[in-house]
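In case you want the letters, here they are:
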Amino acid sequence: MECVTSVRYSIIHEGEVFGDVVPTRGIRQGDHISPYLFILCAEGLSSLIRKYEREKWLHGCKIAQGAPTILHMLFTDDSYINCRATLEEAGRVLELLKIFEVGAGQKVNFEKSSVYFSKNTKPVTKDIVLTTLAMRVDDDNILYLGLPRTMGRNKSAMFRSLKDKMRSRIQGWDGKWFSGAGKEVLIKMVLRSIPTYMMIVFLLPNKVCHDIEGLISVYWWKSSRHGKGIYWRAWERLSTNKFNAGMGFKNIRDFNLTMLERQGWRLVQFENSLIGRVFKEIYYPNGNFLSAQLGRNPSYVWRSILEAQTLLKRGARWRIRDGCNIYVLEQHWLIDLRNPFITTQNIALQGEWTIYGKSAYKLLQRTLGRWTENEENKLWRDQLKKRMAKISLVWCGIWRARNDIVLNNKKAKKETVVTNATAYLTQWKDVQKLEKATTPTPVISAGNTEQWSKPDVGCVKVNCDATIFIGSKQFGVGCIAMDVNTTPYMAYRNCLIISVTNLCYLSYVNLSLPQHCTIDVTVAFSTC
């Protein structure tokens, strides 16, 4: 309270200070201390509710016999309190809220509050509870946190609001002219974000997905406010990635599955979370999400998440750990996507594992034949060449050398970073002068032009380089290990204190290279 009551404000206008302004209405939205006070009040409310539970004045809801009891859930300024539909517990809820109002200085808005009853509640009981709490009964069709709380049989009608929001947003853009690049940004950053929140929880019906794609397609090809334009390509081509000559628009159904796959991933990773314990008790009490079945009378949320189980199995693998939760012969743990199982029949094998995942959307697109990774670099190189862009092997070499040093100097001092940056800038300037004066000599290895290529999936490629320091009669070596996504696993560099006269053999080193050209070479050496 000292922080709240001791605040003073001043107003600066044209360099002159006016004030002192003393606030008298407490903390306002935007004050830096406001979020902290809100969290403290929410913690106080939560503690108060737990006290009522310990005293058995309120009883929460238990979905299944072994599932955890849920008494309350708090979402920012919205709160759920579960209790029995009795006059006594309704009075306890009212008493609890009054105590909170006095303690926190906040007031509950009963006009915006509502009561939701289970289906087996008698009408007389409903009237008693509503009268006691002075609240209205809740409607099944009301959205909570932007999502429907109950799902009826007509799923398309429940998701109609998504199409209405997207149509309204597009209509707001009709009076403005955007280039193709501008439309692409609006589609990927604005339109696609509208259904994303709902797709995290629910699997949209196919009709809804097609309707959303239709709205996006119409907007993309629209050439004027009233004209529809010419549809030069089908949506299937537009939704492929740019490496395969598409526009990179997301396939709504596939993107929906990847969002739900993330929820399945969380159920695997965080089994002890509240939602994890609830789902486990209802749908897979003796296993985990990867072995779960649909079960009897499943909810629509569970149906939606389980739809992505196959995708999660296809892209997930297990790493070695203590082996308590997995069988070697029954789980995916080999990196090879075509053969993820071990082939041995030894039933005594036990593994030590921890799960990790991959990019679900890209994996799904590869499976459906919409993503050809081998063509990625070639396509972009061809596009650069068409636009007369210069690709410098010399600059690439300097950039690799810079990465090598940065990886080994994460804790470097500020002076070291500045010195290295200055050196890189000097190298770059020298390279520019060199490229204007001469063309780099091709790198030849065993009669073939040497080009760096990515390793196969599941493999790591180690590139080495070496240099001789004539003045100090020493040589330095360096290496970096990268996977198929060019993600560095490790890097190493060192200056070996050995006379160059003891160096017996170097293979694949072209000594006619320009002075500043750095290449990846295979080095074999020994000492006398």
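Residues numbered from 1 in each chain as written. Predicted model: local features only at pLDDT ≥ 70, side-chain atom pairs only at ≥ 80, totals over all residues. Heavy atoms only, no water.

J.: Could you give an account of the pattern of salt bridges, naming the residues involved and the relevant values?
T.: Taken as a whole and assessed by the stated rule, the structure comprises five salt bridges. Here Glu 95 ties to Arg 92 by a salt bridge, and the two come within 3.4 Å at their closest N and O atoms. Linking Glu 95 with Arg 92, this pair stays in helix α3 (residues 87-104), spanning three residues, or about one helical turn. The exposure class assigned to Glu 95 is partly exposed, which follows from its relative accessible area of 35%. Taken together, the salt bridges that share partners define one network made up of Lys 163, Lys 207 and Asp 211. (Salt bridge = Lys/Arg side-chain N within 4 Å of Asp/Glu carboxyl O. Helix = DSSP H or I, 4+ residues; strand = E, 2+ residues; numbered from the N terminus. Buried < 20%, exposed > 50% of the residue type's maximum accessible area, 1.4 Å probe, protein only.)

J.: Account for the nonpolar core, naming residues and giving values.
T.: By size, the foremost hydrophobic cluster in this structure holds 54 residues, and its most contacted members are Phe 159, Leu 191, Leu 204, Tyr 284, Phe 289 and Trp 302. Per-element tally for this core: the top contributor is helix α9 (residues 206-221), with eight residues. If near-sequence neighbours (up to four positions away) are discounted, Phe 159 is found in contact with Met 151, Met 198, Phe 202, Leu 204, Pro 205, Val 208 and Tyr 300. Counting 19 residues, the second-largest nonpolar core is a separate cluster that includes Leu 45, Ile 49, Val 93 and Leu 133. (Core = buried A, V, L, I, M, F, W, Y, C linked by side-chain atoms within 4.5 Å. Contact = heavy atoms within 4.5 Å.)

J.: An account of a nonpolar patch on the surface is needed here, citing residue identities and associated values.
T.: A surface patch of nonpolar side chains, about 480 Å² in accessible area, is lined by Val 460, Val 462, Tyr 489, Met 490 and Tyr 492. No other element matches the three residues that strand β15 (residues 488-496) contributes to the nonpolar patch. Residue position: Tyr 492 is located in strand β15. You can call Tyr 492 partly exposed: its relative accessible area is 37%. (Patch = residues over 30% accessible without salt bridge, like charges linked within 9 Å, V, L, I, M, F, W, Y side chains within 5 Å. Areas by Shrake-Rupley, 256 points an atom, 1.4 Å probe, with all protein chains shown as cover.)

J.: Could you give me a rundown of the environment of Trp 221, with the residues and numbers involved?
T.: Tracing the chain through its elements places Trp 221 in helix α9. Assessed through its relative accessible area of 15%, Trp 221 is described here as buried. Between the C-alpha atom of Trp 221 and that of Trp 232, which follows or precedes it by 11 residues, the distance is 8.0 Å. Those residues within four positions of Trp 221 in sequence are excluded, and the remaining contacts are Lys 228, Gly 229, Ile 230, Tyr 231, Trp 232, Arg 233 and Leu 238.

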